[in-house]
Amino acid sequence: MWQRLGNFVIKNRLILLIVLFAISGVMGFYASKVKLGYEFAKAIPVDNPKYLDYKAFQQRFGDDGNVLVMGIKTDIFFNPAVFKKYYQLHKQLKNVEYVEDVLSIPAAITLQKDSATEKLVPVKIFSDEIIESGSLDTAKNKFLNLSFYKYKLYNPDEQAYAMAVRINKEALNSAKRTKIVDDITHAVNEFEASTKIETHLSGLPLIRTVVGDRIKKEMSFFLIGSLVLSALILLLFFRSVSTTLLSLLVVLLGVVWSLGVLQLCGYKISLLTALIPPLVVVIGIPNCIYFINKYHTSWLKLQAGTKPLEGSLSPFQLSSTTLQGFKEKALLDMVSKMGVVTLFCNITAAIGFAVFALTKSAILKEFGVVAGISIMMIFFISFILLPAALSYLPAPNASQTKYLTNRWLTSFLLSIEKWVMHHKKIVYGVTAAILIFSVAGIFKLKSVAFIVDDLPKTDKIYTDLKFFETNFKGVMPLEIVLDTKKPKGILKSTVDINKIAFFQDSFLAKQKNIAKPLSVVDGIKFTYQAVSEGSGDSTYTLPAFGNPLKDLHDKLRQINVRRESKEMTAGDSASIKLVGSFIDSTEQFLRISMSMADVGTKELGPVVDSITLNANRILNNTDSIEIKDTGKTIYNITVTGSSSTFLEGSKFIVNGLKESIFWAFLLIAFCMLYLFKSARILLCSLIPNLIPLVITAGVMGWVGIALKPSTVLVFSVALGIAIDITIRFLVNYKQELPTYNNDVTATVSATIKNTGLSIVYTSLVLIAGFIIFCFSGFGGTKALGWLTSLTLLVGTLTNLILLPVLLLGSSSKRPKNRV
């Protein structure tokens, strides 16, 4: 069948090339329309309860991940000149396009009774006149006596000060976010330069934007780098510019087709899908090496028994008719022998990626679908383009086939043959010792992920985040939503409000990794402190008499009426900031808002459970995390926010990747069983590919690399690629077995010599292709590079040494006519 396909490709080469380039043109058109994805990655399935809780929260209260914070630490903050520049920074940031609000000390307000209306109205503590005159002492004392702002806008213990910038959500989820963050960063840098005070920037908008832009630049670098590196290796191997350019054309078309598939599927470039073009290059080049290597090998064999032209001084000077005949035979041999091998190699590699589509994570599904299809497409491109193009090119000359007799590699393969034939026990012993060492390392393996753990510890994003964790206990959003189960059910009695206040003060405020919480309770305390004209923490409390809720309910109704009619006043706007943003328009849901440190998935789970347990204990008088609605509970309690969804998303990705490894292994096993139709061969083929995964996991445990979304990806990818080596070795073994009269020992020896060369060359290309990821500035991408390279290196050795030993050992007592 494959010979007929080869004949078809060569006879119809012109038509097929026209069709191939026409399809490539169409794919190029769609590829040109691919856009970057700016939305927060959907790691959680859209039907997951945690995801639904978060979306419900966003609909009621808005987004919680759109605040960028700026912080400084200084003992001269209230110096008139510094304070004035700080206020100028506030105004400058507020003028940045798509910045919705800025909260800072110069813009802080207090509530003051209007003598005409007898109502409380918001008044700036630091008026423009006060700031301009530099007479800050009175206003400073008034501000410092308002406990509402303590540990939110300033930390008196550390002399640290913060400014919060809220950015439009839609703009953050678009290409505009880069300019927004750049403008904010530029303004902050100007403040730092003029005051000589070190500034710190953090928050999800900054982290997402800067990290996303870096990834975009890195992926371009890796794509170009993988192409250049592949070109250099191909030139080194084949010593032919035309062969190198042809191979690069194959992978370039593969890249264009992969981007076209991405657009046709309706996906955008994300953190994972950005890896696909470099991976297509890395996987496509070995296709070219195996096809061309087989072409050159067949060409030399055909020449071996042919006499040169009369009077010729070179054995390669043959007649043009003979050369053309040799070329066609060599190309047919290439297609018939390597077509099925390369097909199954690409199938297994595609399986290694496509299994991600079986997970429930949207980001993994997108990656799995596009990567799986792209890898199969690279097979069809190489299968059509290589034989068709090679048939037009001149026959290979002596310099282009010189690599087949490389004395260093020949010596290396002869050493491997010696170990396989004469040192089987040592091979088993060394393998067992390494496995024991690796298994011990696996027990040290941990599963934990942080929001910024892929960044170097010296990166400013990381150090700035740690600044806020040290001085303000973090910036990662965490929310508690209390559902009264009926409209207008919020704060029906002073008992409810006192319970919430007790929960905040006695539990939340005492957590070491959670910043000071804010809720409607703080709005009431702030109002009472202003009414009583009190100062300090002693008066920042709930009123001990009267009904503090009546005015609150009246104000909420006024706000909702004017919100719906869009007739907001300045006073209403301030009230919403203090009250309205913590209670939804139906007055059924109440929000307690917090920030927390990036504690990682391992600690975040217990933190969330502890919050839920204590909230139920204090607010619902129960001692359970999960509460059944019996009609007696006061609140349904939900812990959500970006931090909580990150935890759930990381769990889904890691668990999904673990499942994908199982499915990849199972599907690849079925492919191997179908290809070789032998349980013995199947067993021999799987062992050399399981060992590299075990060794890699062990190394991760010993060096302290945790299982997280960016590292667990290695196993499925490496399994899908490493099994290619096994297939190529075993197919060649099966094809050579009849030639050596079913003598397993002779066949294994010949297979090592014949296939070993192309396996080594291909492995070098693959390892070099992944090693380039080690130059990434992200720990996860760097780990993907060197861990995958390690797995492939070990896989090459186990397939060249252990696999032949297993074949010899499992067939030693079998009749020679058995495969």
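Thresholds, definitions, all that
- Residues numbered from 1 in each chain as written.
- Predicted model: local features only at pLDDT ≥ 70, side-chain atom pairs only at ≥ 80, totals over all residues.
- Heavy atoms only, no water.
- Helix = DSSP H or I, 4+ residues; strand = E, 2+ residues; numbered from the N terminus.
- Expected span 1.5 Å × (residues − 1).
- Bend = angle between axes of the 7 residues up to and from the residue.
- Patch = residues over 30% accessible without salt bridge, like charges linked within 9 Å, V, L, I, M, F, W, Y side chains within 5 Å.
- Areas by Shrake-Rupley, 256 points an atom, 1.4 Å probe, with all protein chains shown as cover.
- Salt bridge = Lys/Arg side-chain N within 4 Å of Asp/Glu carboxyl O.
- Buried < 20%, exposed > 50% of the residue type's maximum accessible area, 1.4 Å probe, protein only.
- Pairing = 2+ DSSP bridges.
- Axes fitted to C-alpha atoms, helices over the stretch in contact; angles between N-to-C directions.
- Contact = heavy atoms within 4.5 Å.
- Polar contact = N/O pair within 3.5 Å; in protein donor to acceptor, adjacent residues only side chain to side chain.
- 1 Å grid on protein atoms, 1.4 Å probe; cavity = no way out; pocket = protein on both sides within 12 Å on 5 of 7 lines; lining within 4 Å.
- Points joined across faces, edges and corners; volume = space filled by probe spheres on them.
- Nonpolar A, V, L, I, M, F, W, Y, C, P; charged D, E, K, R; others polar.
- Parallel < 35°, antiparallel > 145°, perpendicular 65-115°, else oblique.
- Left-handed = near helix turned anticlockwise from the far one by under 90°.
- Core = buried A, V, L, I, M, F, W, Y, C linked by side-chain atoms within 4.5 Å.
- Phe/Tyr/Trp six-rings, centres within 6.5 Å; stacked < 30°, edge-to-face > 60°.
- Lys NZ or Arg CZ within 6 Å of the ring centre and 35° of its normal.

As a further point, take helix H24 (residues 709-736). Compared with the 40 Å implied by 1.5 Å per residue over 28 residues, the 43 Å span of H24 between its first and last C-alpha is a close match. The sharpest bend along H24 measures roughly 25° and falls at alanine 718.

A surface patch of nonpolar side chains, about 590 Å² in accessible area, is lined by Leu358, Phe662, Trp663, Leu667, Phe670 and Leu673. Looking at where leucine 667 falls in the secondary structure, it is placed in helix H22 (residues 642-676). On the accessibility criterion, leucine 667 (33% relative accessible area) is partly exposed.

A few words now on helix H18 (residues 520-531). The end-to-end C-alpha distance of H18 is 17 Å, a good match for the 16 Å that twelve residues give at a rise of 1.5 Å each. In terms of residue burial, H18 counts as a mostly covered element, since nine of its twelve residues are buried. The complete set of buried residues in H18 reads Val520, Val521, Asp522, Gly523, Ile524, Lys525, Phe526, Gln529 and Ala530. Phi turns positive, to about 55°, at glutamate 533, one or two residues after H18.

Looking now at the sheet that holds strand E10 (residues 636-640). The sheet built from three strands is open, its strands ordered E9-E8-E10 with antiparallel pairing. In the strand order of this sheet, the two ends are held by strand E9 (589-596) and E10, each with one partner. Direction aside, neighbouring strands of the sheet carry axes that sit 15° apart on average. Each of strand E8 (476-483), E9 and E10 is contacted by helix H21 (residues 601-619), which is oriented at about 160° to E10, the strand it contacts most.

What follows covers the side chain of threonine 273. Tracing the backbone through its elements, the reader meets threonine 273 in the loop between helix H10 (241-264) and helix H11 (276-304). Among the polar contacts listed, one links the side chain of threonine 273 to the backbone oxygen of lysine 268, at a separation of 3.3 Å. Contact partners of threonine 273, with chain neighbours within four places excluded, come to Leu262, Lys268, Glu366 and Phe367.

Attention shifts here to empty space enclosed by the protein. Tallied over the full model, the rule gives four cavities of 30 Å³ or more. Roughly 80 Å³ of internal volume is contained in the largest cavity. The wall of the largest cavity is formed by Ile283, Pro286, Asn287, Tyr290, Cys345, Asn346, Ile721, Asp724, Ile725, Arg728, Thr762 and Leu766. Mapped onto the lining of the largest cavity, the elements with two or more residues apiece are H11, helix H12 (320-354), H24 and helix H25 (744-771). Its residues assigned to classes, the lining of the largest cavity comprises seven nonpolar, three polar and two charged.

With that out of the way, let us pick up the packing of H24 against helix H26 (residues 779-811). Across the interface, H24 lies against H26 with an axial gap of 8 Å and an inter-helix angle of 30°. Taken together, the axis directions place H24 and H26 in an arrangement best described as roughly parallel. Crossing of H24 over H26 shows right-handed handedness. Contacts from Ser710, Thr711, Leu713, Val714, Ala718, Ile721, Ala722, Ile725, Thr726, Phe729, Leu730 and Tyr733 of H24 reach H26 at Gly780, Ala783, Leu784, Leu787, Thr788, Thr791, Leu792, Thr796, Asn799, Leu803, Pro804 and Leu807. Each residue belonging to the contact of H24 with H26 can be placed in one class, and the counts come to 16 nonpolar, eight polar and no charged.

Core analysis: the biggest nonpolar cluster contains 248 residues, and Phe126, Tyr149, Ile184, Ile480 and Phe503 have the highest contact counts within it. Beyond its immediate sequence surroundings of up to four residues, phenylalanine 503 is in contact with Ile480, Leu508, Ile592, Ile611, Asn614, Ala615, Ile618 and Leu619. Tyr54, Phe57, Phe61 and Val481 belong to the second-largest nonpolar core, a separate cluster that totals five residues.

Next up on the list: the environment of threonine 747. Mapping threonine 747 onto the fold places it in helix H25. With relative accessibility at 0%, the residue threonine 747 sits in the buried group. Separated by ten residues in the primary sequence, threonine 747 and leucine 737 place their C-alpha atoms 5.6 Å from one another. Those residues within four positions of threonine 747 in sequence are excluded, and the remaining contacts are Tyr733, Glu736, Leu737 and Tyr740.

Scanning the entire structure with this criterion turns up 31 aromatic pairs. Both rings, one in phenylalanine 222 and one in phenylalanine 773, keep their centres 4.9 Å apart while their planes meet at 65°; by these two values the pair is edge-to-face. You can see phenylalanine 222 sitting in helix H9 (residues 204-238) and its partner phenylalanine 773 sitting in the loop between H25 and H26, a full 551 residues away along the chain. Of the two residues, phenylalanine 222 and phenylalanine 773, neither departs from the other in class, the shared state being buried. Considering the side-chain rings of phenylalanine 468 and phenylalanine 472, the 6.3 Å spacing of their centres and the 35° angle between planes classify their relative orientation as tilted. You can see phenylalanine 468 and its partner phenylalanine 472 sitting in helix H16 (residues 460-472), four residues apart, about one turn around the helix. Of the two residues examined, phenylalanine 468 and phenylalanine 472, each falls in the buried class. In this structure an aromatic cluster arises from ring pairing among Phe77, Phe78, Phe83, Tyr86, Phe126, Phe143, Phe148, Tyr149, Tyr154, Tyr161, Phe191 and Phe526. Between the NZ or CZ atom of arginine 13 and the centre of the ring of tyrosine 392, over which it lies, the distance is 4.1 Å. Over the ring of tyrosine 290 we find arginine 728; its NZ or CZ atom is 3.3 Å from the centre of that ring.

On to unusual backbone geometry. A positive phi angle, near 65°, is found at lysine 473, a position not held by glycine. Along the polypeptide, lysine 473 turns up in the loop between H16 and E8. Classification of lysine 473 as partly exposed rests on a relative accessible area of 28%. At lysine 677, a residue that is not glycine, the phi angle is positive and equals roughly 50°. Structurally, lysine 677 can be placed in the loop between H22 and helix H23 (679-703).

This paragraph deals with the pattern of salt bridges. Under the defined criterion, the tally for this structure stands at twelve salt bridges. Overlapping salt bridges bring together Glu100, Asp101 and Arg166 as one network.

Look at any regular strand and the pattern is simple: side chains alternate between the two faces of the sheet. The element E9 is extensively covered by neighbouring structure, given that eight of its eight residues are classed as buried. Burial along E9 is two-sided: the face carrying Phe589, Arg591, Ser593 and Ser595 and the face carrying Leu590, Ile592, Met594 and Met596 are both buried. Summarising the sheet, E8 and E9 pair through eight bridges and their orientation is antiparallel. Bridging across to E9, proline 477 finds its partner in serine 595.

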